[in-house]
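Per-entry structural report
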Amino acid sequence: VVIHPGCRIRGERTLILPGVRLGAEAPVTIENCLLGPEVQLKGGYFSGAVFLEKSVCGSGSHVREGTILEEHASIAHTAGLKQTILFPFVTLGSLINFCDCFMAGGTGPRNHSEVGSSYIHFNFTPTQHKATASLIGEVPRGVMLNCKPIFLGGQGGMAGPVRLAYGITVAAGTILRRDELRPDRLIYGGAPKAGNVKFTPGGFSGIGRVIRNNLVYVGNLLALRQWYLGARSMFVGDRFPKELLGGLVETVEGALAERLNRLRELGEKMAQAGDDALSGRFSAMEGALKGQLEFQGDPALREPFLEKLARTVDRKGRDYITVVQALAPEESGLGTAWLQGIVNDTSEAALVALK
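First, a word on scope: everything that follows refers to the structure included in this document.

About the cut-offs
Residues numbered from 1 in each chain as written. Predicted model: local features only at pLDDT ≥ 70, side-chain atom pairs only at ≥ 80, totals over all residues. Heavy atoms only, no water. Pairing = 2+ DSSP bridges. Helix = DSSP H or I, 4+ residues; strand = E, 2+ residues; numbered from the N terminus. Core = buried A, V, L, I, M, F, W, Y, C linked by side-chain atoms within 4.5 Å. Buried < 20%, exposed > 50% of the residue type's maximum accessible area, 1.4 Å probe, protein only. Contact = heavy atoms within 4.5 Å. Salt bridge = Lys/Arg side-chain N within 4 Å of Asp/Glu carboxyl O. Axes fitted to C-alpha atoms, helices over the stretch in contact; angles between N-to-C directions. Parallel < 35°, antiparallel > 145°, perpendicular 65-115°, else oblique. Left-handed = near helix turned anticlockwise from the far one by under 90°. Nonpolar A, V, L, I, M, F, W, Y, C, P; charged D, E, K, R; others polar. Phe/Tyr/Trp six-rings, centres within 6.5 Å; stacked < 30°, edge-to-face > 60°. Expected span 1.5 Å × (residues − 1). 1 Å grid on protein atoms, 1.4 Å probe; cavity = no way out; pocket = protein on both sides within 12 Å on 5 of 7 lines; lining within 4 Å. Points joined across faces, edges and corners; volume = space filled by probe spheres on them.

**With respect to the sheet that holds strand β21 (residues 114-115)**
Strand order in this open sheet of 10 strands is β1-β4-β7-β10-β13-β16-β21-β24-β27-β29, and the pairing throughout is parallel. Each edge of the open sheet is held by one strand with a lone partner, namely β1 (2-3) and β29 (186-187). As judged from the 2 bridges shared by strand β24 (residues 151-152) and strand β27 (residues 169-170), these two strands associate in the parallel manner. Counterpart to Leu152 in the pairing with β27 is Val170.

**Here's the deal with the nonpolar core**
Grouped together as the largest cluster of nonpolar side chains are 106 residues, with contacts concentrated most on Leu41, Phe51, Leu86, Phe98, Leu152 and Trp227. Of all the elements, helix α2 (residues 207-230) adds the most residues to this core, at 13 residues. Apart from the residues lying within four places of it in its own chain, the contact partners of Leu86 are Ile68, Leu69, Glu70, Ala73, Ile75, Leu81, Leu92, Phe98 and Met103.

**Topic: the pattern of salt bridges**
Applying the stated criterion across every chain, the model contains 20 salt bridges. Notably, a salt bridge pairs Arg13 with Glu250, separated by 3.7 Å at the nearest N-O pair. In this pair, Arg13 sits in the loop between β2 (8-10) and β3 (15-16) while Glu250 sits in helix α3 (residues 242-272), placing the two residues 237 residues apart along the sequence. What makes Arg13 partly exposed here is its relative accessible area of 28%. Judged by its relative accessible area of 44%, Glu250 falls in the partly exposed class. Note that Asp100 and Arg259 form a salt bridge whose closest N and O atoms lie 3.0 Å from each other. Within this pair, whereas Asp100 is found in the loop between β17 (96-97) and β18 (101-103), its partner Arg259 is found in helix α3, the two being separated by 159 residues in sequence. When its relative accessible area of 2% is taken as the criterion, Asp100 is described as buried.

**Let's talk about the packing of α2 against α3**
At their nearest, the axes of α2 and α3 sit 9 Å apart, and the two run at 165° to each other. Accordingly, the angle class assigned to the pair α2 and α3 is roughly antiparallel. In terms of crossing hand, the pair formed by α2 and α3 is left-handed. Residues Ile207, Val210, Asn214, Tyr217, Val218, Leu221, Leu222, Leu224, Arg225, Tyr228 and Leu229 of α2 form the contact with α3, whose participating residues are Leu245, Leu248, Val249, Val252, Glu253, Ala255, Leu256, Arg259, Leu263, Leu266 and Met270. Residues belonging to the contact of α2 with α3 are distributed by class as follows: 18 nonpolar, 1 polar and 3 charged.

**Focus: the packing of aromatic side chains**
The geometry of an aromatic ring pair is captured by two quantities: the separation of the ring centres and the angle between the planes. Evaluated as defined, the whole model comprises 6 aromatic pairs. On the basis of an interplanar angle of 65° and a centroid distance of 6.4 Å, the ring pair of Phe98 and Tyr119 is categorised as edge-to-face. On the criterion of sequence distance, the pair formed by Phe98 in the loop between β17 and β18 and Tyr119 in the loop between β21 and β22 (120-122) is long-range, its members being 21 residues apart. The class for Tyr119 is buried, based on a relative accessible area of 0%. When the ring of Phe235 is compared with that of Tyr320, the centres are 5.2 Å apart and the planes differ by 80°; the resulting orientation is edge-to-face. Residue Phe235 is located in the loop between α2 and α3, and its partner Tyr320 is located in helix α7 (residues 320-325); the two are separated by 85 residues in the primary sequence. By the burial criterion, Phe235 is buried, and Tyr320 matches it.

**A short note on the sheet that holds strand β23 (residues 134-136)**
Taken in spatial order, the 8 strands line up as β3-β6-β9-β12-β15-β18-β23-β26 in an open sheet, and their pairing is parallel. Unpaired on one side and paired on the other, β3 and β26 (163-164) mark the two borders of the sheet. In terms of strand pairing, strand β12 (residues 68-69) meets strand β15 (residues 84-86) through 2 bridges, oriented parallel. Bridging from a neighbouring strand, Ile68 pairs with Ile85 of β15. The strands that α2 touches are β12, β15, β18, β23 and β26; relative to β23, the one it contacts most, it runs at about 60°.

**Considerations on the pairing of strand β5 (residues 28-31)**
Covered by surrounding structure in β5 are Val28 and Ile30 together with Thr29 and Glu31, the residues of both alternating faces. Sheet topology places β5 next to strand β8 (residues 44-47); 4 bridges connect them, and they run parallel. Its bridge partner lying in β8, Ile30 is registered against Phe46.

**Topic: α3**
Its 31 residues place the ends of α3 45 Å apart at the C-alpha level, agreeing with the 45 Å of an ideal helix rising 1.5 Å per residue. Just beyond α3, the residue with positive phi is Gly274, at close to 95°.

**Let's talk about the layout of surface pockets**
Any empty space left between atoms is shown by rolling a water-sized probe over those atoms. Of the voids in this model, the second largest pocket is the one considered here, and its volume is about 290 Å³. What lines the second largest pocket is a set of 17 residues, among which Glu53, Arg239, Arg318, Asp319 and Tyr320 lie closest to the centre. Looking at the lining of the second largest pocket, its residues break down into 7 nonpolar, 2 polar and 8 charged.

On their own, these measurements won't tell you what the molecule is for.
The following block contains the structure:
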């Protein structure tokens with residue numbers, strides 16, 4: 001481990017594994033973070049986050065709770081993350097605010113999802129709620145590390161909650177406000193037409209889409225939790241100790257609590273605005289979502305997939321990326337079906353509670 005001058009390390013949960021380099025460009029402050037092998041934190045503030053093998057953060061980083069950078073994920077200088085999950089190889093440029101996001105896609109360092117510099121995920125609304133988490137890609141296919149990358153051009157932004165499919169390219173300077181679930185699309189657009197009209201903050205337009213996207217996001221977090229518990233647990237060893245696995249699970253559970261809190265706040269604000277018809281059923285929806293926490297998915301899909309994964313581990317060793325990418329298409333498809341079932345069941349259970 002290399003610790004350059006001016007760094008501060010604190011927190012009873014902090015874990016630093018071999019090969020970590022801290023503060024190469026500027027002082028680093030770490031609080032209760034878990035750092036896998038060969039992680040580089042070049043400068044900035046890091047609290048309550050998990051960094052897996054060979055992930056990198058540039059100088060001026062501001063990374064807070066609920067954040068996971070999986071293997072080889074990286075951010076350049078002066079990027080802010082909170083409640084952010086980046087799957088392997090995902091790369092963020094400089095001068096970026098990317099809080100309340102999940103992003104996946106790509107197959108390696110030369111074929112990765114990327115966010116261009118000066119990008120903003122807008123995660124706070126005029127009605128002052130943050131039920132705005134965006135899914136850029138998704139968990140069930142993303143964990144298989146075989147999806148097309150997603151590109152978000154620089155000097156752009158996204159008004160959450162938004163969902164994007166794999167293979168999407170967004171031109172520089174574009175502000176996204178709508179979902180695009182068709183793969184392999186180019187999205188482009190400049191600034192909206194200028195205008196000046198009467199506006200009273202406090203209304204809730206498009207609330208059905210907002211709720212649906214939040215439920216799908218929660219379902220993806222639940223699927224990711226089961227992936228960590230069922231699949232990632234097979235890779236525990238010297239370079240991925242059980243403490244690091246525990247940090248991943250705990251961080252996802254914290255992300256779930258955050259999303260439920262934000263949905264609860266949304267319901268309260270709707271009630272304050274006089275919309276009791278829907279807001280009154282939010283507690284039932286929250287109960288349905290909490291009831292899904294231990295749902296492991298269809299055993300007819302889960303068990304055979306985990307058996308195939310275990311056999312691949314026996315053949316290939318415990319390098320996570322090598323093993324996952326060695327799965328045959330029908331094997332990864334089985335795992336995707338297992339995880340997608342968790343997402344679907346979660347959304348359906350919550351929507352039933354809202355009726």
